[in-house]
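# Residue-level structural notes
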Amino acid sequence: DEAAMTRRPDRRPGTFLPMLALCITGVFAFVALAVDLGMVTVARTECQNAADAAALAGCRLLNNRNGVTDNNRADAEARARAVVEANFLFGANFESGAAATVAARTYNYDGTKFVVSPTRTGTQSWSAMEVRVAVEQPTFFAKVLGVTTLNNGARAVAVHRPRDIAMILDFSGSMGYGS
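Heads up: these notes are all about the structure in this document. On a predicted model such as this, the values are computed, not experimentally measured, just so you know.

### Considerations on the overall build of the protein chain
- From N to C terminus, the protein chain includes three helices and six strands.
- The secondary structure elements of the protein chain, listed N-terminal to C-terminal, are α-α-α-β-β-β-β-β-β.
- Looking at the 179 residues of the protein chain, the share that counts as buried comes to 28%.
- Sequence separation of at least 24 residues holds for 61% of the intrachain contacts in the protein chain that already meet a minimum separation of 6.
- A total of about 13000 Å² of accessible surface is found on the protein chain, and carbon and sulfur atoms cover 59% of it.

As structure tokens, this is what we get:
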């Protein structure tokens, strides 16, 4: 029967709105996840920047000069904490407890790899600074699922071994042209 073959199936009115509601809910869930994960990523980057800067600043104060007590360790650790607190997390300075660990370390090269140690032996001086920054990142949309904060942070180790560099300037020309 030709009329039965060309006939359109019965329409189902009212199916569009439930499908739209379901799809919109899924899209909003993914947008919310992207916003929360983006904020966590930005916070992680800012924590790493603060840890790197603090480790470098603290490490630069470690020295072996005569008359310096304990390799200037206390001042170096205090400087590293101050640098963490001077850095920004989402436009505001890090809180005073954000620098979870600030400690002078020693480092050596054993022929194949660098080894950072929390202790020193004999007359060995402190030559590295380790800084760990830890923060609790508040969430925005994950609160709906009961997750109000996410732990975040970073670790940095900086090593400072000053080297003497000599530079020779030949103004007489005696070393020119292979002579």
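### Things to note about the sheet that holds strand 5 (residues 128-138)
- On the basis of which strands lie adjacent, the open sheet formed by four strands has the order 4-3-5-6 and antiparallel pairing. At either margin of the open sheet sits one strand with a lone partner, and together these are strand 4 (114-117) and strand 6 (149-159). Within this sheet the neighbouring strands show an average axis-to-axis angle of 30°, counted without direction.
- Strands in contact with helix 2 (residues 16-61) are strand 5 and strand 6; relative to strand 6, the strand with the most contacts, it is inclined by about 30°.
- Against the sheet, helix 3 (residues 73-86) touches strand 3 (99-109) and strand 5, its axis set at about 130° to strand 3.

### So, helix 2
- Here helix 2 spans 68 Å end to end across 46 residues, near enough to the 68 Å set by a 1.5 Å rise per residue.
- Buried residues of helix 2: Ala32, Asp36, Val40, Ala43, Cys47, Ala50, Ala51, Ala54, Ala55, Ala57, Gly58 and Cys59, and no others.
- In this structure, the buried side of helix 2 is in contact with helix 3, strand 1 (88-89), strand 5 and strand 6.

### Quick look at the packing of helix 2 against helix 3
- Across the interface, helix 2 lies against helix 3 with an axial gap of 8 Å and an inter-helix angle of 155°. Our classification of the angle between helix 2 and helix 3 gives roughly antiparallel. With respect to the hand of their crossing, helix 2 and helix 3 are arranged in right-handed fashion. Side by side, helix 2 and helix 3 meet where Ala50, Ala53, Ala54, Ala57, Gly58 and Leu61 of the first sit next to Asp75, Ala76, Arg79, Ala80, Val83 and Val84 of the second.
- Tallied by class, the residues present in the contact of helix 2 with helix 3 amount to nine nonpolar, one polar and two charged.

### Looking at unusual backbone geometry
- You will see that asparagine 71, though not glycine, has its phi angle at about 65°, which is positive.
- Structurally, asparagine 71 is set in the loop between helix 2 and helix 3.

### What to know about helix 3
- For helix 3, spanning 14 residues, the distance from its first C-alpha to its last is 20 Å, which sits close to the expected 20 Å at 1.5 Å a residue.
- Buried residues along helix 3 sit in contact with helix 2, strand 3 and strand 5.

### Some remarks on the nonpolar core
- Core analysis: the biggest nonpolar cluster contains 27 residues, and Val84, Phe94, Met129, Val131 and Val133 have the highest contact counts within it.
- Sorting the residues of this core by element identifies helix 2, helix 3, strand 3, strand 5 and strand 6 as the ones contributing at least two each.
- The leading source of residues in this core is helix 2, at eight residues.
- Those residues in contact with valine 131 that sit more than four places away from it in its chain are Ala51, Ala54, Ala55, Ala80, Val84, Thr101, Val102, Ala154, Arg155 and Ala156.

The rules we used
- Every chain's residues receive numbers from 1 upward, in the order its sequence appears when written.
- With pLDDT at 70 or above as the cut-off, local features in this predicted model cover only qualifying residues; side-chain atom pairs require 80 or more to be listed or tallied, and sums for whole chains, interfaces and linings still use all residues.
- Calculated side-chain values reflect all of the structure's heavy atoms, with hydrogen atoms and water omitted.
- Only DSSP runs of H or I covering at least 4 residues are called helices, and only runs of E covering at least 2 are called strands; the numbering of each starts at the N terminus.
- Under the scheme applied here, a residue whose accessible area is under 20% of the maximum for its type counts as buried, over 50% as exposed, and between as partly exposed, the area being computed with a 1.4 Å probe on protein chains only.
- Contact between two residues is taken to exist if any of their heavy atoms lie within 4.5 Å; hydrogens are not considered.
- In this description, accessible areas are obtained by the Shrake-Rupley approach with a 1.4 Å probe, and a residue is regarded as covered only by the protein chains that are shown.
- Whether two strands pair depends on DSSP finding at least two bridges between them.
- Lines are fitted to the C-alpha atoms to define the axes, a helix being fitted only along its stretch in contact, and any angle between axes, read from their N-to-C directions, falls within 0 to 180 degrees.
- Expected helix span is computed as 1.5 Å times (number of residues minus one).
- Working definition: roughly parallel below 35 degrees, roughly antiparallel above 145 degrees, roughly perpendicular at 65 to 115 degrees, and oblique for all remaining angles.
- Each crossing gets its handedness from the near helix: less than a right angle anticlockwise from the far helix is left-handed, clockwise is right-handed.
- For this classification, Asp, Glu, Lys and Arg are treated as charged, while Ala, Val, Leu, Ile, Met, Phe, Trp, Tyr, Cys and Pro are nonpolar and the rest, including Gly, are polar.
- In plain words, nonpolar cores are sets of buried Ala, Val, Leu, Ile, Met, Phe, Trp, Tyr and Cys residues tied together by side-chain atoms within 4.5 Å.

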